[in-house]
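Tertiary structure, described
Given next are the chains, with one letter for each unit.
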Amino acid sequence: MSDSKKGEARVKMLTVGPVATNCYVLYREGADVCAVIDPGASGDRIAEFLKKEGLRPEVILLTHGHFDHYEGVPELTARMGGKVYILDKEKELISDPHMNGSLGLMGNGSAIEPEFTVRDGEVLSAAGFDFKVIHTPGHTGGGCCYYVEDEDLLFAGDTIFMESIGRTDLPTGNMREILDSIREKILTLPDQTRIMPGHGPVTDVAYETANNPYA
């Protein structure tokens, strides 16, 4: 467990990019480091927010490799630093413009190759938090969620949304896998767990168990 647990947890959501992606900044009150989850665009805007709050990104965590979840990384890291992590199973997708959606959907053909990877079940300690990595294939084959148990937070990427799920018709997507991920890995978490999705409003496990038609 992290030995730097002090100060109340704070989460800031910044909606960025052409498809309104939710980028999250997680930090502890009074701290000078943070974790940034899915900086999908507007790396300059994210950096300006961090500077204003007196924060620097210790880690940048990517839930999956689609362009709208990583395209802010180069500018953010150039200005602020931070180690970029993705699940080991997703490295091929994020580095291929044909697979990560940037070429077919946006036409600009971008790609990045994160230096650091995490594995399913690993606990990554950073910025005063412990992030448990949960492999949740379905939207992409190497997608994952980051679960901060002590704070009842799940950064879910595009696996689950309020009353909906992520699309499965893009490279490495699979409907059966996403349903298994939701039913067996997300909705089995405590009811009070807040689900921080890649798009749309924040929800929680209890609400989705009762209202999500894919539950």
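Refer to the structure presented above.
Residues numbered from 1 in each chain as written. Predicted model: local features only at pLDDT ≥ 70, side-chain atom pairs only at ≥ 80, totals over all residues. Heavy atoms only, no water.

**Regarding empty space enclosed by the protein**
So the rule is basically this: In the cavity and pocket records, a cavity denotes points on a 1 Å grid over the protein atoms alone where a 1.4 Å probe fits but cannot get out, a pocket denotes an open set with protein on both sides within 12 Å along at least 5 of 7 lines, and lining residues are residues with an atom within 4 Å of a point. Grid points are joined across faces, edges and corners, and a volume is the space filled by probe spheres set on the points. Here the term charged refers only to Asp, Glu, Lys and Arg, the term nonpolar to Ala, Val, Leu, Ile, Met, Phe, Trp, Tyr, Cys and Pro, and the term polar to all other amino acids, Gly among them.
The full count for this structure, using the stated rule, is one cavity of 30 Å³ or more. Taken as a whole, the largest cavity holds about 40 Å³ of empty space. Lining of the largest cavity is provided by Thr63, His64, Thr136, His139, Thr140, Gly143, Cys144, Ala156, Gly157, Asp158 and Thr159. Along the lines of polarity and charge, the residues of the lining of the largest cavity split into two nonpolar, eight polar and one charged.

**Some remarks on the packing of aromatic side chains**
The condition is simple: Here a pair means two rings of Phe, Tyr or Trp (six-membered ring of Trp) with centres within 6.5 Å. Their orientation is stacked below 30 degrees between planes, edge-to-face above 60, and tilted elsewhere. Each residue is assigned to one of three classes by its accessible area relative to the maximum for its type, calculated with a 1.4 Å probe on protein chains only: buried under 20%, partly exposed between the two thresholds, exposed over 50%.
Under the defined criterion, the tally for this structure stands at three aromatic pairs. Ring plane angle 55° and centroid distance 6.3 Å describe the contact between Phe129 and Phe131, whose orientation is recorded as tilted. Assessed through its relative accessible area of 0%, Phe129 is described here as buried.

**Describing the pairing of strand β3 (residues 33-37)**
Selection criterion: Put simply, DSSP H or I for four residues or longer makes a helix, DSSP E for two residues or longer makes a strand, and each gets a number counted from the N terminus. For two strands to be treated as a pair, DSSP must find at least two bridges joining them. A crossover gets the label right-handed when its path from the first strand over the helix to the second runs clockwise, viewed with the strands pointing away from the viewer.
Of all five residues in β3, five are buried, a share of seventy percent or more. Here β3 shows no split at all, with Val33, Ala35 and Ile37 on one side and Cys34 and Val36 on the other all buried. As paired elements, strand β2 (residues 21-28) and β3 share four bridges and run antiparallel to each other. Its bridge partner being in β3, Tyr24 is matched across the sheet by Ile37. Count of turn residues in the β2/β3 antiparallel hairpin: four residues, of which Gly30 carries a positive phi of about 90°. Note that β3 and strand β4 (residues 56-61) share five bridges and pair parallel. Across the sheet, residue Ala35 finds its bridge partner in β4, namely Val59. With helix α1 (residues 43-53) bridging β3 and its parallel neighbour β4, the resulting β-α-β unit is right-handed.

**A few points about the pattern of salt bridges**
Filter applied, for reference: Salt-bridge detection follows one rule: a side-chain nitrogen of Lys or Arg within 4 Å of a carboxyl oxygen of Asp or Glu.
Counted by the stated rule, this structure contains seven salt bridges. Arg28 is paired through a salt bridge with Glu151; the nearest N and O atoms lie 3.1 Å apart. Placement of Arg28 in strand β2 and of Glu151 in the loop between β9 (144-148) and β10 (153-157) is noted, with a sequence separation of 123 residues between them. On the basis of relative accessible area, Glu151 is assigned to the partly exposed category, the value being 21%. Of the charged contacts, one joins Lys51 and Glu48 as a salt bridge, the two residues approaching to 3.8 Å between their closest N and O atoms. Taken together, the positions of Lys51 and Glu48, both in helix α1 and three residues apart, correspond to about one turn of that helix. Looking at Glu48, the relative accessible area reads 39%, which means it is partly exposed. If you follow the salt bridges from partner to partner, you end up with Glu48, Lys51 and Arg79 in one network.

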